[in-house]
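The lines below spell out each chain.
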Amino acid sequence: MKKINIASRTTAWIVTSSGVLSLALTGCGTPEPKKEYKIPNAFCGMRISPDLLEPTLPPGKKLTIRFSEAVGESSCSIVVDKKTALSITTGWREKGTTALKVAHDQIGVDLTEKISKDESYVYSGEGAVSKIDCPNHSNKYRRENYQLFTQFFLTDMKAKQSETKALLFGLTKAIIASDECTPKNS
């Protein structure tokens, strides 16, 4: 019997008398990729626990935050190694709009696996939508008959529904405490 080293962790045994080839795999493969970046606890005008973000982000080396605002809407993207991993949008919609309606507007992503009884939030392993109550708002773009919503979706992976739900509640709480909902100068 002749032993041939095929790769660093794989050994092949060739039995020459019978012509049978036998492979013994001993943990071959590459090590699992790691998250080498630090997850911030504040970004895009809100504070949120990195523990809520961590399970929804992929492995990689560098994390970048991109933020933009338009009339009545803000967009925040978390980019890992130049690829958008998580997109968060917060904006005002007409009163009477449900989270389910906002979720259906998200083309190509099904965020409706779990729906709250009052339809104030929906979520799936791909993301979530929540209606946010802002009793002390003074946002200059908000009109009388409008309601604030936040939505996010994962662009490269799925998370456990419990993880996206926890992130949704964390984002909702952070947005209520942010200038978007409760301005510091009011």
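Before any of the text, the structure's been laid out above.
Owing to the predicted nature of the structure, the values given are computational and were not obtained by experimental measurement.

Draft legend 1. Layout of the overall build of the protein. Looking only at helices and strands, the protein features 3 helices and 12 strands. In the protein, which comprises 186 residues, the share counted as buried stands at 40%. The contacts of the protein with a sequence gap of at least 6 include a subset with a gap of at least 24, amounting to 48%. Accessible surface computed for the protein: about 11,200 Å², of which carbon and sulfur atoms make up 51%.

Draft legend 2. Structural context of the sheet that holds strand β6 (residues 63-70). Spatial strand order, β6-β7-β8-β12-β11-β10-β9: 7 strands in an open sheet with antiparallel pairing. Strand pairing shows two members of the sheet lacking a second neighbour, β6 and β9 (114-115), which therefore form its edges. Pairing analysis gives 2 bridges linking β9 to strand β10 (residues 121-124), with the strands arranged antiparallel. Paired with K114 across the strands is Y123, a residue of β10.

Draft legend 3. Spatial organisation of the nonpolar core. Among the nonpolar cores identified, the biggest contains 31 residues, and F43, L53, L57, L86, I88 and F152 are the most heavily contacted of them. If you list the elements that add at least two residues to this core, you get β7 (73-80), β8 (83-94), β11 (127-132), β12 (146-154) and α3 (161-177). It is α3 that contributes the most residues to this core, 5 residues altogether. Discounting residues that sit within four places of it in the chain, I88 has contacts with F43, M46, S74, S75, C76, T150, Q151, F152 and L171. Counting 10 residues, the second-largest nonpolar core is a separate cluster that includes A99, L100, V109 and F153.

Draft legend 4. Region of interest: α3. Look at α3: 24 Å from first C-alpha to last across 17 residues, which is about the 24 Å you get at 1.5 Å a residue. The set of residues buried in α3 consists of T164, L167, L168, G170, L171, T172, A174 and I175. In this structure, the buried residues of α3 make contact with β5 (46-47), α1 (50-53), β8, β10, β11 and β12.

Draft legend 5. Representation of the state of the cysteines. The full count for this structure, using the stated rule, is 1 disulfide. Across the disulfide, C44 is cross-linked to C76 (sulfur-sulfur distance 2.0 Å). With the S-S dihedral at roughly 70 degrees, the linkage between C44 and C76 falls on the right-handed side. With C44 in the loop between β4 (42-43) and β5 and C76 in strand β7, this residue pair connects regions lying 32 residues apart in the sequence.

Draft legend 6. A look at the packing of aromatic side chains. Tallying each qualifying case throughout the model produces 2 aromatic pairs. Ring centres 5.1 Å apart and planes at 85 degrees place the aromatic pair Y121 and F169 in the edge-to-face group. Placement of the pair is Y121 in strand β10 and F169 in helix α3, with a sequence separation of 48 residues. Since its relative accessible area comes to 39%, F169 is described here as partly exposed.

Draft legend 7. Examining the pairing of β7 more closely. Most of β7 is tucked away, with 6 of its 8 residues classed as buried. Across 8 bridges, β6 lies against β7 in antiparallel orientation. In the sheet register, I65 faces β7, and the bridge partner there is I78. Linking two consecutive strands that pair antiparallel, namely β6 and β7, is a turn of 2 residues; a positive phi of about 75 degrees is found at G72 within it.

Thresholds applied
For every chain, the first residue of its written sequence is number 1, and the numbers climb from 1 along that sequence. At least 70 in pLDDT is required for a residue's local features to be given in this predicted model, at least 80 for side-chain atom pairs to be given and counted, and no such filter applies to totals for whole chains, interfaces and linings, which use all residues. Side-chain numbers here rest on the full set of heavy atoms in the structure, without hydrogens or water. Per the convention used, a helix needs a DSSP run of H or I reaching at least four residues, while a strand needs a run of E reaching at least two, with both numbered from the N terminus. The buried label goes to any residue with under 20% of its type's maximum accessible area, the exposed label to any with over 50%, and the partly exposed label to all in between, with areas taken from a 1.4 Å probe on protein chains only. Here, residues are in contact when the closest pair of their heavy atoms is within 4.5 Å. For every accessible area listed, the method is Shrake-Rupley and the probe measures 1.4 Å; residues are considered covered only by the protein chains on display. For two strands to count as paired, DSSP must find a minimum of two bridges between them. Among buried residues, those of type Ala, Val, Leu, Ile, Met, Phe, Trp, Tyr and Cys that are joined through side-chain atoms within 4.5 Å constitute a nonpolar core. Here a helix's expected span is defined as the number of its residues, less one, multiplied by 1.5 Å. Note on disulfides: each one is a pair of cysteine sulfur atoms within 2.5 Å. Planes of paired rings set the category: under 30 degrees apart is stacked, over 60 is edge-to-face and the rest tilted, where pairs are Phe, Tyr or Trp rings (Trp by its six-membered ring) whose centres lie within 6.5 Å.

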